[in-house]
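Reading the structure
These are the residues of each chain, in order.
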Amino acid sequence: AWICCWALAGCRTAWAGDPPAARLPACEESDYHFEYTECDSSGSRWRVAVPNAAVDCAGLPDPVRGKECTFSCGSGEYLEMRNQVCSKCAEGSYSLGSGIKFDEWDELPAGFSNVATFMDTVLGPLDSRPDSCSNSSWTPRGNYIESNRDDCTVSLIYAVHLKKSGYVFFEYQYVDNNIFFEFFIQNDQCRDMDSATDKWVKLTDSGEWGSHSVMLKSGTNILYWRTTGILMGSKAVKPVLVKNITIEGVAYTSECFPCKAGTFSSKPGAFSCQVCPRNTYSEKGATECMRCDEDSQFSEEGSSECTERPPCTTKDYFQIHTACDQEGKTQIMYKWIEPKICREDLTDAIRLPPSGEKKDCPPCNPGFHNNGSSSCHPCPPGTYSDGTKECRPCPAGTEPALGFEYKWWNVLPGNMKTSCFNVGNSKCDGMNGWEVAGDHIQSGAGGSDNDYLILNLHIPGFKPPTSLTGATGSELGRITFVFEMLCSADCVLYFMVDINRKSTNVVESWGGTKEKQAYTHLIFKNATFTFTWAFQRTSQGQDNRRFIKDVVKIYSITASNAVDGVASSCRTCALGSEQSGSSCVPCPPGHYIEKEANQCQECPPDTRLSTHQVYGKEACIPCGPGSRSSQDHSVCYSDCFFYHEKENRSLHYDFSNLSSVGSLMNGPSFTSKGTKYFHFFNISLCGHEGKKMAFCTNNISDFTLKETVVGSDDYVNLVGAFVCQSTIIPSESKGFRAALSSQSIILADTFLGVTVESTLQNINIKEDMFPVSPSQVPDVHFFYKSSTTTPSCSDGRSTAVKMRCNPVKAGVGVISVPSKCPAGTCDGCAFYFLWESAEACPLCTELDFHAIEGACKRGLQETLYVWNEPKWCIKGISLPEKKLSACETIDFWLKVGAGVGAFTAVLLVALTCYFWKKNQKLEYKYSKLVMTTNSKEGELPAADSCAIMEGEDNEEEIMYSNKQSLLGKLKSLATKEKQEHFESVQLKSSRSPNI
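Computed from a predicted structure; not experimentally measured.

Criteria and cut-off values
Residues numbered from 1 in each chain as written. Predicted model: local features only at pLDDT ≥ 70, side-chain atom pairs only at ≥ 80, totals over all residues. Heavy atoms only, no water. Helix = DSSP H or I, 4+ residues; strand = E, 2+ residues; numbered from the N terminus. Buried < 20%, exposed > 50% of the residue type's maximum accessible area, 1.4 Å probe, protein only. Contact = heavy atoms within 4.5 Å. Areas by Shrake-Rupley, 256 points an atom, 1.4 Å probe, with all protein chains shown as cover. Core = buried A, V, L, I, M, F, W, Y, C linked by side-chain atoms within 4.5 Å. Pairing = 2+ DSSP bridges. Axes fitted to C-alpha atoms, helices over the stretch in contact; angles between N-to-C directions. Disulfide = S-S within 2.5 Å. pLDDT = per-residue confidence, 0-100. 1 Å grid on protein atoms, 1.4 Å probe; cavity = no way out; pocket = protein on both sides within 12 Å on 5 of 7 lines; lining within 4 Å. Points joined across faces, edges and corners; volume = space filled by probe spheres on them. Phe/Tyr/Trp six-rings, centres within 6.5 Å; stacked < 30°, edge-to-face > 60°. Lys NZ or Arg CZ within 6 Å of the ring centre and 35° of its normal.

A count of helices and strands for the chain gives five helices and 67 strands. Buried residues in the chain amount to 45% of all 995 residues. Within the chain, residue pairs in contact and separated by at least 24 positions form 65% of the contacts whose partners lie at least 6 positions apart. Here the chain has roughly 51,900 Å² of accessible surface; of this, 52% comes from carbon and sulfur atoms.

See the structure below:
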């Protein structure tokens, strides 16, 4: 027993070294309390007395054997430890028996703690160090506790020791997917929850509380409520709200909990406290509620005090229109906002304006009629009305255009309802959140400025007209509303959609003052829909009506092709054969109604059928350039083949190997506080008969696409498109076990066309957006758009994908975004991608290679074929094999003739040189002879002779012959040794004639 006592904190006894017991005062009952020791292996324990804090006394009661470990008291009871018996809670208190409940959040209850983490680093207690997340925490707000609003990660932690298995239950409100909310448990075996996906808490509708419960194992359990905001813009996230945390399985409760202020318990043994009604109040632990002075004071339900009534102002009343009377008149009535909290008898207080002014009733809404009564009734099936006339049957060959068109608001339509809700109080419970006002319906006053004012429209389903059966995935209907917002604070209007009553998702939201505008939401499947408009004047917690004049007005709501709808007009339908009469028959998919005979005709090739009207050939819309239509003419798409003429050359492209989804993880980017995130894009370029194969998910658990049944109606977080985008937060950024994917949006669900031009339907790819291509072949551009508009993108989003030939990047290649727009877009509406791949090159043709001829060897010549460099093509034709061809040699006699000619030429040159030399010698001898003849008289001349001396050649007979021809000279030369041929030359003598 003493060992057990030693194990308890605060236990003090007279051990050796302590002051003697005689020196300590005797313990009184108020000086100590009883606790149980830990259970031993046999399941038993001891009850021991433990001194209270700062008390030193002697004579504590001896330990006694306690109740078995699995013992627990019932609801409304507590375990009285002195006698170890269960006793009923007194009036003004309550008990869960074997559980504890936290429903009071004026301050952080004992045992709870806040721990902030940032970038996977634990900062410890929030007040331990200054940091960017040091001010982030869960904040008590009275009836609930509120999470942080920034991009820090903050955990609300509570540790509990259970003697037996139990559970934890809490209520929460989680409306913003820009913040991640997870709840998980660690037990004393350091094990988390059984399934990783169980820790992610589901989103709730705006203004509604959801509940979450998890089983707990015996032993120590540490509970974590963890939130992480993802701020990728200036818009702040809406916090998570938690209240009424209940933990069951603590085995026993040693005391009862007092009722919190504003509640009471009038009987013993209560397991919960009741809320004080309006105009009453109570303090903590009250057994009854006290009434306020109703003449001068008021209070809301669950109030802890009374408040003085203020003087009445124009903000305290509103006007309504009564139902039309037999005379077709409606009265304007003024009413105080209930509950009335103002006083009319005070100075400066206003009085309620007089009611009863009559005005003409507005006409019935289209599809309804007034049959002489004071109310409007829907037209019978097969008839129509514009609201001002009686219902009439549709003419032959036509059918009613079913739907709802609400543009007159004298009374709330039967398939609509309105309500008011506040997360922190019940002021506006039972109030009308919206009020009809003739030509519009507007938000009501509510109980306080932070109320959610709810308007619901319920439609059991959508179906296309009889003549338009509709292809799979085509538009079945649409809902359009025209609205206007007038705000002076941070008001927000949410438009939400619930499908088959499973989950409500925010489709779009608008904040601040907005001019009169229209918004359209498309319907693609036949299901039960509930459309919700929720208006909140301010998100700041307050109980007054400062912004009562901030309103949203909805002028009209139109839903087409609604099941059980009414008809405001008739439309032409296809008629059956003559035997079947004039009844309407459905046209097959892809068929329009021919005007003359009202017969179904198939749309021409490469056109798609309009989803809005099928009358006339103009209902068949031509597909864009480079695209074709699906077999049922429901959609245009690219079959991955593209043809282009350039400079008298035909370029054929085949993108089939790129038809599988291409992905791009772009980033990283960082929030204002450094949280890392990536933009993840999926692109379904072409093929697949026009099916949208790019999927993105908002799932924030350990998710893989293979685990999901694509197209499942139950999975609402998966979006399919030609191009989609998700925001990815890596696991290391926030300490999560897996990367998180959120904020998935559709960038493109309609294919426009493919062309080499950089512009198509107002989508323009600027020249400086991407680097200049070195390729000699043109880039090919794929253009897409989204059919859904947003407040910032009035024409919807658009996407352009530039396909560029790059032989170096094989396979799927590389996808990139413009350097000046790192998120793929500069304005959030137009997205641009560059896809470089060898598969984006045109198919090879004969113009992409050339031949190289070799030398003729042994009568054979080799020809090789090589690609032009650089090579800007792929696949297509292959290079021809090298070929050998016979080659012809030069004729032998031609060679001989050429040799003789060459020899003759050499001989002629030699002869010319020879005769020129002989001529020079003859001239010399002749000159010498002349000189001898002309010598002086009286001198005995030397003997002259023209004879050929020994050793000299007879050169003169060549040079001084009678101008023989060249042939003759050759003959003379050949016979000079056989014949003596001399030419006589008369010489002139210089001697006297007398000699």
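Anyway, onward from the coordinates.
The next thing to look at is the nonpolar core. Phe531 and Trp533 are the most contacted members of the largest nonpolar core, which has 41 residues in total. Setting aside residues up to four positions removed in sequence, phenylalanine 531 forms contacts with Leu455, Asn456, Leu457, Ile459, Phe462, Ile479, Phe495, Met496, Val497, His521 and Ile523. Among the nonpolar cores identified, the runner-up in size contains 35 residues, and Leu747, Cys805, Cys841 and Ile874 belong to it.

Glancing now at the side chain of threonine 863. Examined against the element boundaries, threonine 863 turns out to sit in strand E66 (residues 860–867). Look past the residues within four positions of threonine 863 in its chain and what remains in contact with it is Ala851, Ile852, Glu853, Lys882 and Lys883.

Taking strand neighbours across the sheet as the criterion, the five strands line up as E33-E36-E41-E38-E39 in an open arrangement whose pairing is antiparallel. Each having just a single partner strand, strand E33 (416–421) and strand E39 (504–511) make up the two edges of the open sheet. Neighbour-to-neighbour, the strand axes of this sheet turn through a mean angle of 20°, independent of strand direction. With six bridges joining them, E33 and strand E36 (residues 452–459) adopt antiparallel strand pairing. By the bridge assignment, methionine 416 is partnered in E36 with leucine 457.

Inspection of the entire model under this criterion finds 20 disulfides. Put simply, cysteine 487 and cysteine 491 are joined by a disulfide, and their sulfur atoms are 1.8 Å apart. In this structure, the disulfide formed by cysteine 487 and cysteine 491 twists by about 100° around the S-S bond and is classed as right-handed. Each member of the pair, cysteine 487 as well as cysteine 491, is classed as buried. Sulfur-sulfur distance for the disulfide between cysteine 640 and cysteine 686 comes to 2.1 Å. Between cysteine 640 and cysteine 686, the disulfide has an S-S torsion of 105° and is therefore right-handed. Of this pair, cysteine 640 sits in the loop between strand E49 (636–637) and strand E50 (641–646) while cysteine 686 sits in the loop between strand E53 (676–683) and strand E54 (694–697), placing them 46 residues apart in sequence. The burial state of cysteine 640 is the same as that of cysteine 686; both residues are buried.

It is worth spelling out the confidence of the model for the chain at this point. Residues with a pLDDT of 70 or more make up 81% of the chain, whose mean pLDDT is 79. Every residue in residues 1–18 is under pLDDT 50, and counting partners more than four places away or in other chains gives 21 contacts. Predicted confidence for residues 955–963 stays below pLDDT 50, and this span has 18 contacts to residues more than four positions away or in other chains.

A separate point is unusual backbone geometry. Backbone torsion omega between glutamate 869 and proline 870 reads -5°, so that peptide bond is classified as cis. Among the structural elements, proline 870 can be located in the loop between E66 and strand E67 (883–886). Even without being glycine, asparagine 279 reaches a positive phi, approximately 60°. Here asparagine 279 is to be found in the loop between strand E20 (274–275) and strand E21 (280–281). Notably, aspartate 606 is not glycine yet its phi reads approximately 60°, a positive angle. Take aspartate 606: it is sitting in the loop between strand E45 (600–602) and strand E46 (607–609). For aspartate 606, a relative accessible area of 39% puts it in the partly exposed group.

This next bit is on empty space enclosed by the protein. Where empty space is left can be seen by rolling a probe of water-molecule size over the atoms. Applying the stated rule across the entire model yields four cavities of 30 Å³ or more. Computed from the structure, the second largest cavity encloses a volume of approximately 50 Å³. Around the second largest cavity sit Tyr637, Ser638, Ser684, Leu685, Cys686, Gly687, Lys691, Phe722, Phe751 and Tyr784, which together line it.

The next point concerns the sheet that holds strand E3 (residues 64–65). If you trace the three strands from one edge of the open sheet to the other, you get E1-E2-E3, paired in antiparallel fashion. The sheet is open, and its two edges are formed by strand E1 (32–36) and E3, each paired on a single side. With two bridges joining them, strand E2 (residues 46–51) and E3 adopt antiparallel strand pairing. Paired with tryptophan 46 across the bridge in E3 is arginine 65.

Right, let's get into the packing of aromatic side chains. Inspection of the entire model under this criterion finds 44 aromatic pairs. Summarising the aromatic geometry, the rings of phenylalanine 751 and phenylalanine 782 are spaced 6.3 Å apart at their centres and angled 50° between planes, so their arrangement reads as tilted. With phenylalanine 751 in strand E58 (residues 750–755) and phenylalanine 782 in strand E61 (residues 780–785), the pair connects residues that are 31 residues apart, well separated along the chain. Across this residue pair, the class does not change: phenylalanine 751 and phenylalanine 782 are buried. Through a chain of ring-to-ring contacts, three or more aromatic side chains come together here, namely Phe102, Trp105, Phe112, Trp138, Tyr158, Phe170, Tyr172, Tyr174, Phe181, Phe183 and Trp225. Positioned above the aromatic ring of tyrosine 36, the side-chain terminus of arginine 45 is 4.1 Å from the ring centre. For the cation-ring pair, lysine 243 lies above tryptophan 209, with the distance from its terminal atom to the ring centre recorded as 4.3 Å.

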